[in-house]
Amino acid sequence: MSTTGFAAQALGANRDKELTMSLWRPAAMAVLLGLIFIALQYPIMQAAARLIGASEAVTGHAETYFYIRIWGAPFALPGYVIIGWLMGISRVKLSLMIQMLMNALNMLLSIEDTLAANAILWQIQYVMAYLFDGFANASSIIVGRVVGGQNVILCKRAFSLSAQWGCITAIALALGLCQFGRPVLSVFTTIEEAKDIASAYIVWMAAFPFVGYWGLQLEGIFSGATKAYLTEIVR
């Protein structure tokens, strides 16, 4: 999200060199951080296992997953940087397509019914989060340009409109899931067992919009102003 703010500010101020560096600097840091994660994978896993305190069986499965997944860190982290940068330069559709493709692949590669149901619920949550991210990213881009171009009125307007449309969207999503939960699940899978499992938790998906929209909105505004530490307070 900080990458989005820096890119938007550079774009708003018409500083091409700074716009380029707003991509390469965090991308290089992300690769380095990913390599550090790989180097420290054993102590990280051991500390996490002790913190969670799961059974030996669960810990064993978690370790297997972690020790495989960690090797993707130098690639996954720069991917987030690229998505944030694309948002900052107003290429939101492209960044959304990238994220939806990645999540669709994760869902298609799931196997067992419970795992598939969990993946489906995650995709629904992701789709709703992406909708709110649209408002957040629009606010982030506008606020970033405000900081670069010094337009306070536009900043207040972005805050007001993102809050209003975020609330309207939250109500519409919650009502839609409560009324059409089963048909929505059918969009993601034809496996009846997976839909039965997911249906039991659809009410929690309906509650997510009201919990998440305001936090994502403020995150977009703070990141656009490159006040990333405030997004952690919101979270």
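Read on for an overview of the structure. (Residues numbered from 1 in each chain as written. Predicted model: local features only at pLDDT ≥ 70, side-chain atom pairs only at ≥ 80, totals over all residues. Heavy atoms only, no water.)

### A word on the environment of Gly 79
In step 1: With respect to the helices, strands and loops of the structure, Gly 79 is situated in helix H5 (residues 73-88).
In step 2: In the structure, Gly 79 is positioned 19 residues away from Ile 98 in sequence and 9.3 Å away in space, judged by C-alpha atoms. (Helix = DSSP H or I, 4+ residues; strand = E, 2+ residues; numbered from the N terminus.)

### Observations concerning the layout of surface pockets
To locate leftover empty space, one rolls a probe as large as a water molecule over the atoms.
In step 1: Quantified by volume, the second largest pocket comes out at close to 210 Å³.
In step 2: Taken together, Phe 37, Ile 44, Tyr 65, Phe 66, Arg 69, Ile 70, Ala 73 and Ala 76 form the lining of the second largest pocket.
In step 3: Of the residues assigned to the lining of the second largest pocket, the class counts are 7 nonpolar, no polar and 1 charged. (1 Å grid on protein atoms, 1.4 Å probe; cavity = no way out; pocket = protein on both sides within 12 Å on 5 of 7 lines; lining within 4 Å. Points joined across faces, edges and corners; volume = space filled by probe spheres on them. Nonpolar A, V, L, I, M, F, W, Y, C, P; charged D, E, K, R; others polar.)

### A short note on the nonpolar core
In step 1: Formed by 20 residues in total, the largest nonpolar core has its most connected members in Ile 124, Met 128, Phe 132, Leu 177, Leu 185, Ile 202 and Met 205.
In step 2: Counting residues per element, the ones that place at least two in this core are helix H7 (113-149), helix H8 (152-188), helix H9 (192-199) and helix H10 (202-224).
In step 3: The leading source of residues in this core is H7, at 8 residues.
In step 4: Setting aside residues no more than four positions away along its own chain, Phe 132 makes contact with Gly 166, Thr 169, Ala 170, Leu 173, Pro 209, Tyr 213 and Leu 216. (Core = buried A, V, L, I, M, F, W, Y, C linked by side-chain atoms within 4.5 Å. Buried < 20%, exposed > 50% of the residue type's maximum accessible area, 1.4 Å probe, protein only. Contact = heavy atoms within 4.5 Å.)

### Looking at H5
In step 1: Helix length check: H5, at 16 residues, gives a terminal C-alpha distance of 23 Å against a target of 22 Å (1.5 Å per residue), a fit within 8%.
In step 2: Following H5 by one or two positions, Ser 90 adopts a phi angle in the positive range, close to 70°. (Expected span 1.5 Å × (residues − 1).)

### Focus on the side chain of Gln 125
In step 1: Looking at the secondary structure, you find Gln 125 in helix H7.
In step 2: Here Gln 125 is in contact with Met 205 and Phe 208, once residues within four sequence places are set aside.

### Focus: the packing of H8 against H9
In step 1: For the pair H8 and H9, interaxial distance at closest approach is 10 Å and the crossing angle is 135°. As far as their axial angle goes, H9 and H8 are oblique. Of the two elements, H8 crosses H9, and the hand of that crossing is right-handed. Where H8 abuts H9, its residues Arg 182, Leu 185 and Ser 186 lie against Glu 192, Lys 195, Asp 196, Ala 198 and Ser 199. (Axes fitted to C-alpha atoms, helices over the stretch in contact; angles between N-to-C directions. Parallel < 35°, antiparallel > 145°, perpendicular 65-115°, else oblique. Left-handed = near helix turned anticlockwise from the far one by under 90°.)

### A few points about the packing of helix H1 (residues 2-12) against H5
In step 1: Running from N to C, H1 and H5 point in directions that differ by 35°, and their axes come no closer than 7 Å. For the pair H1 and H5, the crossing hand works out as right-handed. Contacts from Thr 3, Thr 4, Ala 7, Ala 8 and Leu 11 of H1 reach H5 at Val 81, Gly 84, Trp 85, Met 87 and Gly 88.
In step 2: Residue composition of the contact of H1 with H5, grouped by class: 6 nonpolar, 4 polar and no charged.

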